[in-house]
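Below, each chain spelled out in residue letters.
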Amino acid sequence: MLIKSRKQSDLPENQITPESAYVSRRSVIRGLGAGLGLAGLGGLVTAGTGAFAAEAKRKPLDFTRDKPDPDLVLTPEAKVTNHNNFYEFGTGKTDPAQNSQDLKVEPWTLTVEGEVAKPGTVDVWKLMADTNLEERIYRMRCVEAWSMVIPWVGFELGKFLARFEPTSRAKYVAFETLYDPQQMPGQRNRIVGGGIDYPYVEGLRIDEAMHPLSILSVGLYGKTLPPQNGAPIRLVVPWKYGFKGIKSIVKIKLVEKMPPTSWNKLLPQEYGFYANVNPAVDHPRWSQASERFIGPGGLFSVKRQKTLPFNGYGEEVASLYTNMDLRKFY
Ligand SMILES: Nc1nc2c(c(=O)[nH]1)N[C@H]1C(S)=C(S)[C@@H](COP(=O)(O)O)O[C@H]1N2
Ligand SMILES: [Mo]
C-alpha cells in the first residue's frame, strides 16, 4: 500500500529496494567469502535469506498438500518473508521482518461474535492442532503492482464461520487485527504507522467469506507463519488486492451492514471495499494492467506480467459480482 505523502522515489515503479538489497547483499557475501572461508560465508548467507529471531520458533505443520499447478512458479520463501506490508511495524517493505520478531504470538485467542447463534473465543494454537489443514498455492497481487505465488497452509474461512452458526442477518464479516501499541510501534506513531487509524480492520461480504477460495492461513511453506506475514492467523483472499488479507487477527464479527475498512477510511478515492484485482480499473496514481512478479533470482529476473481479472480466479468468483459495476464498486 502507498500513502499519498510518499515521495516519487517510493512509488511502485521505482520500488527496487528489496531486489537491489538482495543483489548487494550477495556481492558483499561474494567479496567477503573469499577472505573468510566457508564458515563466514555460511553465516552471511543465512542472514541474507531470512533467518529471523522468530524463524527458529516456526513449527512444522501437518497438512494435505495442494497439487501443484505446473504453470505456477513459487516465490522463494526468503522473499515471501522479507518483502511485506504490515504497517503496524513500519511502512518500508523490510520493516515488518525487522521489527516484528518479538511479537508474542502464543498464546493467541480469536473471538467470533455478532450475528451468530454461537459466539465464542477459540485458542488459535489448539485450533491449528485440531483442524485438517490444507496447503493452498495462491497467486497474490498487491495493489502496489507486485505479485507473488505463495504456498499457504490454512483452512476455509467459510467452514470455520459455519461452526458459529451465522444468523440470517449476517450480511458481512468484519475482521480486526491485534491492537497493542506496546508491541506494535506503528500504533504509537502516525509516521511509523502510515497514518492508519488502528486497529487495522477489514471486511468481506458474507458470500465472499463463504467462498471456498477464502482461507484463514496459519502457515506458509509448511510451517507456522512468521510474525511479518501475520502470525499466528491471517486472512487470504486470492482474487482481491493484498490489503484485504488482514494479519494477526483477534476478532471476527458478523454484521448486517458493510463494515469500515482501514485503507478505505484512509484514502476512499483510491481503495474501495471490494478491492477485486482488476486490470481494467487503474489506481488513480498508477496502472493496474500489469505487475512485477517477485520470483526466484535477482533484480533482473523480476518479471513484468499482465494482471488477470480477479487475479486469475475469475472462473471461480466472477459470478459473485454479476450485475455489479466493478468500476463503481472498486
Ligand atoms: N494488520 C495488517 N494487515 C495487513 C497489512 C497491514 O499493514 N496491517 N497490509 C496488507 C497489505 S497492503 C498486503 S499487500 C498484505 C501483505 O501480506 P504479506 O506480507 O504476507 O505478503 O498484507 C495486508 N494485511
Ligand atoms: Mo498491499
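The structure presented is a predicted model; accordingly, all values stated were derived computationally and were not measured.

Colleague: Where do I start with the site of ligand 1 in this structure?
Modeller: Lining the immediate surroundings of ligand 1 are 17 residues, of which N84, Y87, E88, G245 and K247 lie closest. Contacts to ligand 1 include E88, whose side-chain N or O atom sits 2.8 Å from a nitrogen atom. With respect to ligand 1, the side chain of T177 contributes an N or O atom lying 3.0 Å from a nitrogen atom. Protein contact buries 97% of the 540 Å² of open area that ligand 1 shows by itself.

Colleague: What is the right way to read the pattern of salt bridges from this model?
Modeller: Should their charged atoms come close, side chains of opposite charge can pair. Within the structure shown, the criterion is met by 19 salt bridges. Residue R58 is joined to E77 by a salt bridge in which the shortest nitrogen-to-oxygen separation is 2.9 Å. Residue R58 is located in the loop between α1 (17–48) and β1 (63–64), and its partner E77 is located in helix α2 (residues 77–80); the two are separated by 19 residues in the primary sequence. By relative accessible area, R58 is classed as buried at 6%. Between D197 and K265 there is a salt bridge, with its nearest N and O atoms 3.4 Å apart.

Colleague: How do you make sense of the environment of T307 when you look at a structure like this?
Modeller: Along the chain, T307 falls in the loop between β13 (303–306) and α8 (314–317). Classification of T307 as buried rests on a relative accessible area of 5%. Separated by 14 residues in sequence, T307 and F293 place their C-alpha atoms 10.0 Å apart. Not counting the four nearest positions on each side in its chain, T307 is found in contact with R141, V277, P279, Q288, A289, S290 and E291. In terms of polar contacts, T307 uses its side chain to reach the side chain of R141, at 3.1 Å.

Colleague: Please explain unusual backbone geometry as it appears in this structure.
Modeller: Residues apart from glycine generally show negative phi values, whereas peptide bonds are mostly found in trans. In this model, E106 is joined to P107 through a cis peptide bond whose omega is 0°. A positive phi is found at A275, a non-glycine position, where the angle reads about 55°. When you line up the elements, A275 lands in the loop between α7 (262–266) and β12 (290–293). Located in the positive-phi region is F310, a residue other than glycine, with phi close to 50°. With respect to the helices and strands, the residue F310 is situated in the loop between β13 and α8.

Colleague: What is the right way to read the pairing of strand β4 (residues 133–141) from this model?
Modeller: Each regular strand displays side chains that alternate between the two surfaces of the sheet. Taking burial as the measure, the 9 residues of β4 include 7 buried ones, the bulk of the element. Across 2 bridges, β1 lies against β4 in parallel orientation. Counterpart to F63 in the pairing with β4 is L133. With 8 bridges joining them, β4 and strand β5 (residues 146–156) adopt antiparallel strand pairing. Looking across to β5, one finds that R141 is bridged to S147. The turn joining β4 and β5, which pair antiparallel and follow one another in sequence, is formed by 4 residues; a positive phi near 75° is taken by A145.

Colleague: Before we go on, may I ask you to explain the packing of aromatic side chains in this structure?
Modeller: Here a ring pair, both rings aromatic, is described through the centre-centre distance and the interplanar angle of the planes. Counting across every chain of the model gives 12 aromatic pairs. Between F155 and F160, the ring centres sit 5.7 Å apart and the planes meet at 55°, which makes this aromatic pair tilted. For the pair shown, F155 and F160 are each scored as buried. Ring geometry for Y172 versus F273: centroids 5.8 Å apart, planes at 85°, classification edge-to-face. Of this pair, Y172 sits in strand β6 (residues 172–177) while F273 is found in the loop between α7 and β12, placing the two residues 101 residues apart along the sequence. The burial state of Y172 is the same as that of F273; both residues are buried. In textbook terms, an aromatic cluster arises when at least three aromatic residues are bridged by ring pairs, as seen for Y172, F273, Y274, F310, Y321 and F329. Its end group placed over the ring of Y313, R139 keeps NZ or CZ at 4.6 Å from the ring centre. The ring of F273 carries K244 above its face, with NZ or CZ at 4.3 Å from the centroid.

About the criteria used
- Residues numbered from 1 in each chain as written.
- Chains lettered and ligands numbered in written order.
- Predicted model: local features only at pLDDT ≥ 70, side-chain atom pairs only at ≥ 80, totals over all residues.
- Heavy atoms only, no water.
- Near = heavy atom within 4 Å.
- Polar contact = N/O pair within 3.5 Å; in protein donor to acceptor, adjacent residues only side chain to side chain.
- Areas by Shrake-Rupley, 256 points an atom, 1.4 Å probe, with all protein chains shown as cover.
- Salt bridge = Lys/Arg side-chain N within 4 Å of Asp/Glu carboxyl O.
- Helix = DSSP H or I, 4+ residues; strand = E, 2+ residues; numbered from the N terminus.
- Buried < 20%, exposed > 50% of the residue type's maximum accessible area, 1.4 Å probe, protein only.
- Contact = heavy atoms within 4.5 Å.
- Pairing = 2+ DSSP bridges.
- Phe/Tyr/Trp six-rings, centres within 6.5 Å; stacked < 30°, edge-to-face > 60°.
- Lys NZ or Arg CZ within 6 Å of the ring centre and 35° of its normal.

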